[in-house]
Amino acid sequence: MRGRCWRFGARRRNVVDMQGKLAAPPLAAVLGTASAVAAGRLAGEGPAGRLPLTADVLREEPSGNLFGLTQNVGMGWSPASLGGPQYVIVSTHGGLRSENGSPVALGYHTGHWEIGLLVRAAAETLRAAGAIPFAAYCSDPCDGRTQGTTGMFDSLPYRNDAAVVMRRLIRSLPTASGVMGVATCDKGLPATMLALAGCGELPGVIVPGGVTLPAVGAEDAGTVQSLGARFARDLVSLDYAATMGCRACGSAGGGCQFLGTAATSQVVAEGLGLALPHSALAPSGQPVWLELGARSAFALVRLHALGIPIKRILTQHALENAMLLHAAFGGSTNLLLHIPAIAHAAGLRPPTLDDWIRVNRATPRLVDALPNGPRGHPTVQVFMAGGVPEVMLHLRRMGLLHGDVLTATGDTLDATLDWWAASDRRREARARLAATAAVDPDAVIMGPDAARRAGLTSTVVFPVGNLAPEGAVIKATALDPSIVGDDQVYRHRGPARVFVDERDAIRAVKGATERPIRPGDVIVLIGTGPSGTGMQETAQITTALRYLPWGKQVALLTDGRFSGFSSGACVGHIGPEALHGGPIGRVQDDDMIEIVIDRGTLTGSVDMVGAAGQPLDPATCAALLAQREAHPGLAPHPALPADTRLWAALQRASGGTWAGCVYDVNRIVAALEAGLQPTKEVK
């Protein structure tokens, strides 16, 4: 490596050695200089002017409110402009951008890279209206970045922690008259919705952070996640992988271009009425996206003026509307964790299994989007086809939607949809999609009859069986049509391939083990529930299977969860989890597994039907599962963080995954009191 000189304060070149380490700066650059000590002030003039205090204010107001005024002018706010209402904007903004948008410090993902622009636009609008905006930040991780790593152990627990932090930030401004939440991606946006749901007395608006543009002549951000598996199986060259991996993002900001958890969360935010009409899935950085900051600021002021708090928007009927949108879009199964959690935070009745089945039976998937097809339009095309309000028009015609609910506009949903149906905005968006992309909007968002003719079915099925006595989840609409019978039933019987570590499973998928995964196998990935890995998301395996020619012939069972991008016969959320006695933890290699998913009746089963390659009757299988010991390698992952173990224990005491992995304080306190009782008696 060529040596070079370091100078304190000078811009350095990116000089790295063979191990990827930067050359060591000299100690003098670390210790600092005398000139910096000699320069600068040791005291300064306080802000000019006077606080707008009265004798009654001084006598009656808490000292914190008075000190808050001092802090406001200390940060540069004019003392003459302290009388307006105060609004807090919480966001998941990450990274540090220069004035021209280039990175000074990277964020973790494109989803939070640009949303500071929305925060700025909203704040400027509020300030111009005479209000006082405050901005607070709680950035979020990237599920794509942590796939296959121990970073995934913090993904779902982050949601709870961030919601708590955001609520604490909101409550820490007790003078706030309203709250705005700006977020985009898989965990940050659900956390923000949970935070606002728990602040029901305040007016509030969610601003979805939009989507990344598709890149011309390149793979999307989901497809590139399978490059490693495709290269390992000699399906792509090194040059192709390096080029496609570089080109996947057509813009610097926004959630991924497919209808994964990030995009589904945006849809749900608008479906709940918390976000403005035609705001979910807007292309990040574009004018139609940037205006969301100002539009949402106006909406927040309007809600405050009309006296409409979040609790009047976030109702039981609004919750059902969001569930209908989830079904109609064919959304991520992760929302089966997030929607109940939002309900819990809002003090609503969380949806039951019967509620989910009823909603999904009511409507087929109406949206043709990545990753599930049949054509697979990127999310920006779904937005231009009309997005959430267009799908809602179809649901209203089907008699399913609750149109009398209030929304972030301050008006009813019916009034908003009446506006949308006749609006210039709708005409312009759909016409531009047809003219610019040569895509028929009605081929992206379909009516129910057209959807059924196109082969679209209902979204989720909840199979049960001797391996899933408490149930499981599969996104049935993501099953490849070629492996589903004419009767709309998927049937698969194959040998189990059991793994207690996702890394071993992906190596077998890539063909890097003595016994690689083959067509017909059933991958059984155990110990990946909350107590084993924080309920890690398994996307690198499902993405690899999607893009391997024979991958659709492989099924996957796990007590963990899946990425919203996942496709195929992927059964997750299997309960009980293996580490808490679930029979899935007693499956052995070459047990015969049978999976049946009926996309017509929305029923299914996941059963062990044989051992050592030999079929057995149900009673024998049940007896065998009951008498076996758990897999010898089953244990919490050695790298599981202590705070994730705590999260797992708290959510288990609160009802577990089927309750949304929430913190139910009453149940937790009761469990703690019951556990402490013997100690008290001894004393």
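Further up the page is the structure itself.
As the structure is a computational prediction, the values presented were derived from the model and not from experiment.

### Here's the deal with the overall build of the protein
Working step 1: The helix and strand tally for the protein stands at 29 helices and 17 strands.
Working step 2: For the protein, the C-alpha radius of gyration of 27 Å lies close to 26 Å, the compact-globule estimate for 683 residues.
Working step 3: Once the C-alpha set of the protein is aligned to its principal axes, its extents read approximately 85 × 75 × 70 Å.
Working step 4: The proportion of buried residues among the 683 residues of the protein is 55%.
Working step 5: Sequence-distant contacts, at least 24 apart, represent 74% of the contacts inside the protein between residues at least 6 apart.
Working step 6: With an accessible surface of roughly 29200 Å², the protein has 55% of that area assigned to carbon and sulfur atoms.
Working step 7: For the protein, the distance from the average position of its 60 positive side-chain charges to the average position of its 58 negative side-chain charges is 6 Å.

### A word on the sheet that holds strand 6 (residues 204-208)
Neighbouring strands of a sheet are bound in pairs by backbone hydrogen bonds; such pairs are parallel or else antiparallel.
Working step 1: What the 4 strands build is an open sheet, ordered 4-1-5-6; its pairing is parallel. A strand with exactly one partner marks an edge of an open sheet, and here the two such strands are strand 4 (132-137) and strand 6. When strand polarity is set aside, the average angle formed by the axes of neighbouring strands in this sheet is 20°.
Working step 2: Pairing of strand 1 (residues 86-91) with strand 5 (residues 176-183) involves 6 bridges; the strand directions are parallel. Note that in strand 5 the partner of Ser-91 across the bridge is Val-182.
Working step 3: This element, helix 6 (residues 115-128), spans strand 1, strand 4, strand 5 and strand 6 of the sheet and lies at about 175° to strand 1.
Working step 4: Together, strand 1, strand 5 and strand 6 form the strand contacts of helix 13 (residues 287-306), whose direction differs from that of strand 6 by roughly 170°.

### Topic: unusual backbone geometry
Working step 1: Residue Pro-371 follows Leu-370 across a cis peptide bond; omega there is 5°.
Working step 2: Here the amide bond leading from Gly-575 into Pro-576 is cis, since omega sits at -5°, within 30 degrees of zero.
Working step 3: Inspection of the secondary structure puts Pro-576 in the loop between strand 14 (570-575) and strand 15 (592-598).
Working step 4: The phi angle at Asp-234 is positive, at roughly 60°, despite the residue not being glycine.
Working step 5: Within the element layout of this structure, Asp-234 appears in the loop between helix 10 (227-232) and helix 11 (238-247).
Working step 6: What makes Asp-234 exposed here is its relative accessible area of 70%.
Working step 7: Here Met-535, not a glycine, exhibits a phi torsion of approximately 55°, which is positive.
Working step 8: In this fold, Met-535 is placed in the loop between helix 25 (530-533) and strand 11 (537-538).
Working step 9: Judged by relative accessible area, which is 0%, Met-535 ranks as buried.

### Considerations on helix 8 (residues 155-171)
Working step 1: An ideal rise of 1.5 Å per residue puts 24 Å on 17 residues; helix 8 measures up with 25 Å between its terminal C-alpha atoms.
Working step 2: Residues of helix 8 that are buried: Ser-155, Leu-156, Pro-157, Tyr-158, Arg-159, Asn-160, Ala-162, Ala-163, Met-166, Arg-167 and Ile-170.

### Comments concerning a nonpolar patch on the surface
Working step 1: A contiguous nonpolar surface patch, about 350 Å² in accessible area, is contributed by Leu-27, Val-30 and Leu-31.
Working step 2: Within the secondary structure, Val-30 is located in helix 1 (residues 27-31).

### Examining the sheet that holds strand 12 (residues 555-558)
Working step 1: With mixed pairing, 9 strands are arranged side by side in an open sheet as 7-8-14-12-10-9-15-16-17. This sheet does not close on itself; its edge strands, each paired only once, are strand 7 (460-461) and strand 17 (614-615).
Working step 2: Pairing of strand 15 with strand 16 (residues 603-611), which is carried by 7 bridges, proceeds in the antiparallel orientation. Directly across from Asp-598, in strand 16, lies its bridge partner Thr-603.

### A word on the nonpolar core
Working step 1: Leu-272, Leu-281, Phe-329 and Val-391 are the most contacted members of the largest nonpolar core, which has 103 residues in total.
Working step 2: It is helix 15 (residues 316-329) that provides the largest number of residues to this core, a total of 8 residues.
Working step 3: Each residue touching Leu-272, except ones within four places of it in the same chain, is listed here: Met-193, Ile-313, Leu-314, Ala-318, Leu-319, Ala-322 and Ile-342.
Working step 4: If you look at the next biggest cluster of nonpolar residues, it comprises 33 residues, including Ile-474, Leu-479, Val-498 and Ala-569.

The rules behind each value
Residues numbered from 1 in each chain as written. Predicted model: local features only at pLDDT ≥ 70, side-chain atom pairs only at ≥ 80, totals over all residues. Heavy atoms only, no water. Helix = DSSP H or I, 4+ residues; strand = E, 2+ residues; numbered from the N terminus. Rg over C-alpha atoms; globule rule 2.2 N^0.38 Å. Buried < 20%, exposed > 50% of the residue type's maximum accessible area, 1.4 Å probe, protein only. Contact = heavy atoms within 4.5 Å. Areas by Shrake-Rupley, 256 points an atom, 1.4 Å probe, with all protein chains shown as cover. Lys, Arg positive; Asp, Glu negative; His and termini not counted. Charge placed at Lys NZ, Arg CZ, Asp CG, Glu CD. Pairing = 2+ DSSP bridges. Axes fitted to C-alpha atoms, helices over the stretch in contact; angles between N-to-C directions. Expected span 1.5 Å × (residues − 1). Patch = residues over 30% accessible without salt bridge, like charges linked within 9 Å, V, L, I, M, F, W, Y side chains within 5 Å. Salt bridge = Lys/Arg side-chain N within 4 Å of Asp/Glu carboxyl O. Core = buried A, V, L, I, M, F, W, Y, C linked by side-chain atoms within 4.5 Å.

Such coordinate-based values are descriptive only and should not be taken to indicate function.
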